[in-house]
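Results of the structural survey
Below, each chain spelled out in residue letters.
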Amino acid sequence: MEQINKWIIENPTAFSIIKYVLLVAFVLILIQLTRRFLQQKVTDTGARYKSQKGIEIIGYIVLIFLSFSYFTGNIKDFTLAIGLFTAGIAFTLQELILSIAGSLYIFIVKVYKPGDRIEINGIKGDVIDVDSIYTTMMEIGQWVSSDNYSGRIVKLSNAFVFKGPIITILKISLLYGTNLIYQLNMGRMWS
């Protein structure tokens, strides 16, 4: 016992890491036991899936909170760690946040709506759907001549409304702006 106490006094960092690993293992085992208990007791498949996912997410949030509080020690360091963590999350998810802001901009300002023909980021097409992250378009042009559908459905991030111009082609110009190419062979008709 004296040797263990002596090792703990000589190696406080290693002891702290071992204690942290045991704490994380305990929380992970607790998560798995709770999920197995729910799997046995909940009969509805949908409710079982959602409850297991909820327990898993809550467990990971508890792990993150325990990790911050374990390594920071006092409240000043804890708030600094939370601030750095949220800054990292914001930097990592900046495209997602910009897409959600873009969808709000599209809905509030009514930049375009389903049924409009637009050109955005060099891609021209008819808008099929606008959701919270993506705009879905039926592409026209590209490798097909004139304004025919290419057969491809394109999903564009709503963040593009902030990154470049959006060209909206009005419905009136669709009526008059199409090019029809006819090839007539007059020689056969008159012979």
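See the structure above.
Note on numbering: residues in each chain are counted from 1, in written sequence order. In view of the model being predicted, local features appear only for residues whose pLDDT reaches at least 70, and side-chain atom pairs are presented and counted only at 80 or more, with totals across whole chains, interfaces and linings using the full set of residues. For the side-chain quantities, the full set of heavy atoms in the structure was used; hydrogens and water were omitted.

A word on the packing of aromatic side chains
Any two aromatic rings considered together are summarised by their centre-to-centre distance and by the angle between their planes. The criterion, for reference: Stacked, tilted and edge-to-face are the three classes assigned to paired rings of Phe, Tyr and Trp, where Trp is represented by its six-membered ring and a pair needs centres within 6.5 Å; plane angles under 30 degrees give stacked, over 60 edge-to-face, the rest tilted. Note on conventions: DSSP H or I runs of at least 4 residues are helices, E runs of at least 2 residues are strands, and numbering of each starts at the N terminus. Any residue under 20% of the maximum accessible area for its type is buried, any over 50% is exposed, and the rest in between are partly exposed; the area is computed with a 1.4 Å probe on protein chains only.
According to the stated counting rule, one finds one aromatic pair in the structure shown. Consider the rings of Tyr105 and Phe162, whose centres lie 5.6 Å apart with planes at 45°: the pair is tilted. Of this pair, Tyr105 sits in helix H5 (residues 94–109) while Phe162 is found in the loop between strand S4 (149–157) and strand S5 (166–169), placing the two residues 57 residues apart along the sequence. With relative accessibility at 43%, the residue Phe162 sits in the partly exposed group.

Observations regarding the nonpolar core
The condition that has to hold: Joining through side-chain atoms within 4.5 Å is the link that ties buried Ala, Val, Leu, Ile, Met, Phe, Trp, Tyr and Cys residues into a set, and such a set is a nonpolar core. In what follows, residue pairs with any heavy atoms lying within 4.5 Å of each other are defined as contacts.
With 11 residues, the main nonpolar core is built from Ile106, Tyr112, Ile118, Ile120, Ile123, Val127, Val130, Met137, Val154, Leu156 and Val161. Secondary structure elements with two or more residues in this core: strand S1 (117–120), strand S2 (123–130) and S4. Among the elements that take part in this core, S2 stands out by supplying three residues, more than any other. For Met137, the residues in contact, after removing those within four places along its chain, are Ile118, Ile120, Ile123, Lys124, Gly125, Asp126, Val127, Ile128, Arg152, Ile153, Val154 and Leu156. Tyr20, Val24, Val27 and Ile31 belong to the second-largest nonpolar core, a separate cluster that totals five residues.

Considerations on unusual backbone geometry
Across residues other than glycine, the phi torsion is negative in most instances, and most of the peptide bonds are trans. A positive phi angle, near 60°, is found at Lys110, a position not held by glycine. Residues other than glycine seldom take positive phi values, yet Asn121 does so here, at roughly 55°. Inspection of the secondary structure puts Asn121 in the loop between S1 and S2. Classification of Asn121 by relative accessible area gives partly exposed; the value is 47%.

Points about the environment of Gly115
Structurally, Gly115 can be placed in the loop between H5 and S1. Classification of Gly115 as partly exposed rests on a relative accessible area of 31%. Taking C-alpha positions, Gly115 is 5.3 Å from Val127, a pair spaced 12 residues apart along the chain.

Let's talk about the side chain of Glu56
Tracing the backbone shows Glu56 in helix H3 (residues 45–72). The exposure class assigned to Glu56 is buried, which follows from its relative accessible area of 18%. Residues contacting Glu56, with those up to four places away along its chain left out, are Ile31 and Arg35.

Some points on the packing of helix H1 (residues 2–10) against helix H2 (residues 12–41)
Operational definition: Angles shown run from 0 to 180 degrees and are taken between the N-to-C directions of axes, each axis being a line fitted to C-alpha atoms and, for helices, limited to the stretch in contact. Convention used here: angles under 35 degrees read as roughly parallel, angles over 145 as roughly antiparallel, angles from 65 to 115 as roughly perpendicular, and any remaining angle as oblique. Residue type decides the class: Asp, Glu, Lys and Arg count as charged, Ala, Val, Leu, Ile, Met, Phe, Trp, Tyr, Cys and Pro as nonpolar, and the leftover types, Gly among them, as polar.
Where H1 meets H2, the closest approach of the two axes is 5 Å, and the angle between their N-to-C directions is 105°. Here H1 lies roughly perpendicular to H2, going by the angle between them. When H1 is examined against H2, the residues Trp7, Ile8, Ile9 and Glu10 are found in contact with a partner set consisting of Pro12, Ala14, Phe15 and Ile18. Split by residue class, the contact of H1 with H2 holds seven nonpolar, no polar and one charged.

A look at the sheet that holds S2
For clarity, the cut-off: The pairing criterion is simple: DSSP has to find at least two bridges between the two strands.
Overall, antiparallel pairing links the five strands, which are arranged S4-S3-S2-S1-S5 in an open sheet. Among the strands making up the open sheet, the edge pair consists of S4 and S5. In this sheet, neighbouring strand axes are inclined to one another by 35° on average, regardless of whether the strands run parallel or antiparallel. For S2 and strand S3 (residues 134–140), the ladder comprises five bridges, and the chain directions are antiparallel. Each residue of the ladder has a partner; that of Gly125, found in S3, is Glu139.

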